[in-house]
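Survey of secondary and tertiary structure
Listed below, chain by chain, are the residues.
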Amino acid sequence: MIVKRTIQNNLYMLRFMWKYCKSNVIVRLLSTLTAPVQPFIFIITMKLAIDGISEKRDLQYLLTLIITAFLVGAVSAIFNSWVNNSSSVKAQQKVSKGIQEELLKKSLQLDLACYDDAEYYDKYVRAMQEAENRAIEVLNSLVEILSSIIALLMIVSLIIMLNPIVIFICIAILAINIFLNTKRNQIVFKRDIELPRPQREAAYAKKMFYEYEYAQELRLGKLGQLMNKKFICAMDRILIIVKKYCRKFVFFDSAFSIVGYSLMSSVMAFASWQITKGNLHIGDFAALLNGSQQLLEKLFALFGQFPRITQNSMYIENLRKVLDYSPVIASNNESIEIGKLQNNIKIDKLSFTYPGKSKPVLKNINIEIRHGSKTAIVGYNGVGKSTLVKLLLRFYDPDNGSIKMNNIDYKEINVDSLRDKFGVLFQNYKCYALTVAENVLLDNYMDDIIEEKVILSLKYSGIYEKIAGLEKGINTNLSREFDSDGVLLSGGEEQKIAISRAFVEDKDILILDEPSSALDPLAEYDINQKIVSLANNKTVIFISHRLSTVRMADMIYLMDNGEIIESGTHNELMKQRGKYCEMFTKQAEKYKIE
């Protein structure tokens, strides 16, 4: 079963090579015919030259022999050099691009739950890191096997003609080497399984020291010391893992060298004995010595590929699990393409627990978001508001209960069609190392109409004057990572860029998850008024713990500990003198805006 899976995995990867670079596969297979020529020509030439010298043949014979061998070897070497340093290098880039593109596309289809599973996430990271190299490795192994077989047939034929007993000496020593090599590869794989987690932790900690977004906080407090400790701790774990395997690698590598010396010593002793008995010429001695060395190298190369093929298969298994992953939340042929939002969104008896967790985040949620209304979901941080957003976007499915849009259950709606109805400003919004326009559009297509939309959305969010004053305007890069002329915006300015995304496209529903968390009260008030006026005919969902954001909402739902504990308009909730009234009163001084 393991052998079958190993073969399947290697063939799976070879299909990528054939898909993205057929020409290189053909050239590499042709190279299996020329690669064995050089060692074989060397053995034959040395035998004939030594025999020629011992027989006192003329110089012309020896020079003709040497020049012929040189020309054949040179042509073969030039062809193989072109294959390895030109054709294969270009092929690797093409294959790398193709495989990484497929992985990036697949990553967009992965359920968000995959990122909650540390084991699966590690496999995903290993697949991203190893995939491109493994495709070349599999082809290299195939080429090495074929060229080794051809070389072996040529060398074995020669050795049998001279003295077949040498073959048995080589095979005996080879058996020892195969055993050692198999054990070593198993240890390499075990080490490579242990390393990714601490390596990722070290890379994360190190990243914080050279990325601008962390630079200020690192210098203000204890974060720098903390991340330095995290980095050192991760590196120490890496060192422990490396040390654990060092002695084993020393043992195996020493054993390989001893095996090689044993072969040469054994063949040399046997050939010397045969010469003293008159069974071999001096040229035969040289040919056997070189032939046995070449034979052992080719046998090692051949049988050494089988553990490599097995090792490749183990890494390819990670790639297959990612590329063959079927998302739980996905559309099918029966999924309904939903049109414009015409009815209310109804959340009925909804409960949800994150994968791998035992405590539910949402419990028995009942909400009705009326079409065209402004609905607010409020509460302190950590009560489940953003989790509810994830379910509204169907990043997860609830454990119990349902969500309906236009009276159609979410699970029956085409996922892309559903998500296309939403314009979202996430709480953990990001500005990217892209131009202002690309950050707003999340696209790089631009024409006059789209440019006007970008400018208008920047005006709506209150950041246009700042951007218009820059030399490159909306084509200014919001990072200096790849552009020394890029600009670095404040947190509030970045949030205004993010808010612009909600305005640039005509979406039926706007979800604003903490839309003003980085803004001062005046900017917050201005943004909220613009959102209400601009979204007059849209359904707007506010997620917030700052209650000034939601005073104008048609309906407010107060969440606490994953449950809806109060609902009503602002005035209704204030009259109830409950939790909402208590929260608003505490924030009252901050939000006195008439």
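Let me sum up the structure you'll find in this document. Numbers given for residues are sequential positions, taken from 1 along each chain in its written order. In keeping with the predicted nature of the model, local features appear solely for residues at pLDDT of at least 70, side-chain atom pairs appear and are counted solely at 80 or more, and the whole-chain, interface and lining totals rest on all residues. The basis for the side-chain values is all heavy atoms of the structure; hydrogens and waters are excluded.

**Some words on the sheet that holds strand β1 (residues 345–352)**
- Strands were regarded as paired on the criterion that DSSP finds at least two bridges between them. Each helix corresponds to a stretch of at least 4 residues labelled H or I by DSSP, and each strand to a stretch of at least 2 residues labelled E; elements are numbered beginning at the N terminus. If you walk across this open sheet you meet the four strands as β2-β1-β4-β5, and the pairing is antiparallel. In this open sheet, the two edge strands, each paired with only one partner strand, are β2 (362–369) and β5 (408–409).
- Its contacts with the sheet put helix α12 (residues 385–392) on β1, β2 and β4 (400–405), and the angle it makes with β1 is roughly 120°. Here, two residues are considered to be in contact whenever any of their heavy atoms come within 4.5 Å of each other. An axis is simply a line fitted to the C-alpha atoms; with a helix, the fit covers only the stretch in contact. Between two such axes, the angle follows the N-to-C directions and lies from 0 to 180 degrees.

**Quick word on the environment of F542**
- Relative to the helices and strands, F542 resides in strand β8 (residues 539–544).
- A 1.4 Å probe rolled over the protein chains alone gives each residue an accessible area, and that area as a share of the maximum for its type sets the label: buried under 20%, exposed over 50%, partly exposed in between. Judged by its relative accessible area of 0%, F542 falls in the buried class.
- It is 5.0 Å that separates the C-alpha atoms of F542 and L512, two residues lying 30 residues apart in sequence.
- Setting aside its immediate chain neighbours within four residues, F542 contacts K374, T375, A376, I377, L512, I531, T549, V550 and M552.

**Topic: helix α17 (residues 491–504)**
- Expected helix span is given by 1.5 Å per residue-to-residue step, counting one fewer step than there are residues. An ideal rise of 1.5 Å per residue puts 20 Å on 14 residues; α17 measures up with 20 Å between its terminal C-alpha atoms.
- Among the 14 residues in α17, eleven count as buried, and that is most of the element.
- Turning to α17, its buried residues are G492, Q495, K496, I497, A498, I499, S500, R501, A502, F503 and V504.

**Examining the pattern of salt bridges**
- Here a salt bridge means any side-chain nitrogen of Lys or Arg lying within 4 Å of a carboxyl oxygen belonging to Asp or Glu. A full pass over the atoms with the stated rule returns 14 salt bridges.
- Across the pair E505 and K507 runs a salt bridge whose closest N-O atoms are separated by 3.9 Å.
- Overall, E505 belongs to the partly exposed group, its relative accessible area being 42%.
- Judged by relative accessible area, which is 12%, K507 ranks as buried.
- With a closest N to O distance of 3.4 Å, E582 and K586 form a salt bridge.

**Comments concerning the sheet that holds β8**
- Judged by pairing direction, the sheet is mixed, and its six strands sit side by side in the order β6-β7-β8-β3-β9-β10 without closing on themselves. Both edges of this open sheet fall to β6 (422–425) and β10 (563–568), since each of them pairs with a single strand only. Adjacent strand axes in the sheet meet at a mean angle of 15°, parallel and antiparallel pairs treated alike.

**Looking at the packing of aromatic side chains**
- Only Phe, Tyr and Trp rings take part, Trp by its six-membered ring, and two of them pair if their centres are within 6.5 Å. Stacked means planes under 30 degrees apart, edge-to-face means over 60, and tilted covers everything else. The final tally for this structure, using the stated rule, is eight aromatic pairs.
- Taken together, a centroid distance of 6.5 Å and an interplanar angle of 5° make the contact between F16 and Y20 stacked. Of this pair, F16 and Y20 both sit in helix α1 (residues 2–20), four residues apart, roughly one helical turn.
- Judged by its relative accessible area of 25%, Y20 is partly exposed.
- Ring geometry for Y245 versus F249: centroids 6.5 Å apart, planes at 35°, classification tilted. With Y245 and F249 both in helix α10 (residues 223–276), this residue pair falls four residues apart, about one helical turn.
- Clustering of aromatic rings is evident, with ring pairs tying together Y12, F16 and Y20.
- Should the NZ of a Lys or the CZ of an Arg lie within 6 Å of a ring centre and within 35 degrees of the ring normal, that charge is described as sitting over the ring. A cation over a ring is seen here: R320 above Y12, with NZ or CZ 4.5 Å from the ring centre.
- Cation over ring: K459 sits above Y464, and NZ or CZ is 5.3 Å from the ring centre.

**Brief notes about the packing of α1 against helix α2 (residues 22–34)**
- Close contact between α1 and α2 brings their axes to 5 Å; oriented N to C, the two are set at 110°. Here α1 lies roughly perpendicular to α2, going by the angle between them. In contact with M17, W18, K19 and Y20 of α1, α2 contributes K22, N24, V25 and I26. Reported orientations rely on four angle classes, namely roughly parallel under 35 degrees, roughly antiparallel over 145, roughly perpendicular from 65 to 115, and oblique for the rest.

**Overview of a nonpolar patch on the surface**
- Two distance rules govern patches: like charges are joined within 9 Å, and nonpolar side chains (Val, Leu, Ile, Met, Phe, Trp, Tyr) within 5 Å, applied only to residues with over 30% relative accessible area and no salt bridge. All accessible areas in this document rest on Shrake-Rupley with a 1.4 Å probe, and a residue is counted as covered only by the protein chains that are shown. A cluster of nonpolar side chains, contributed by L59, L63, I67, F70 and L71, occupies part of the molecular surface with about 520 Å² of accessible area.
- With respect to the secondary-structure elements, L63 resides in helix α4 (residues 59–107).

**Looking at the environment of Q129**
- Following the sequence through the fold, Q129 ends up in helix α6 (residues 118–162).
- Given the relative accessible area of 47%, Q129 is considered partly exposed.
- With 34 residues separating them in the primary sequence, Q129 and N163 have C-alpha atoms 49 Å apart.

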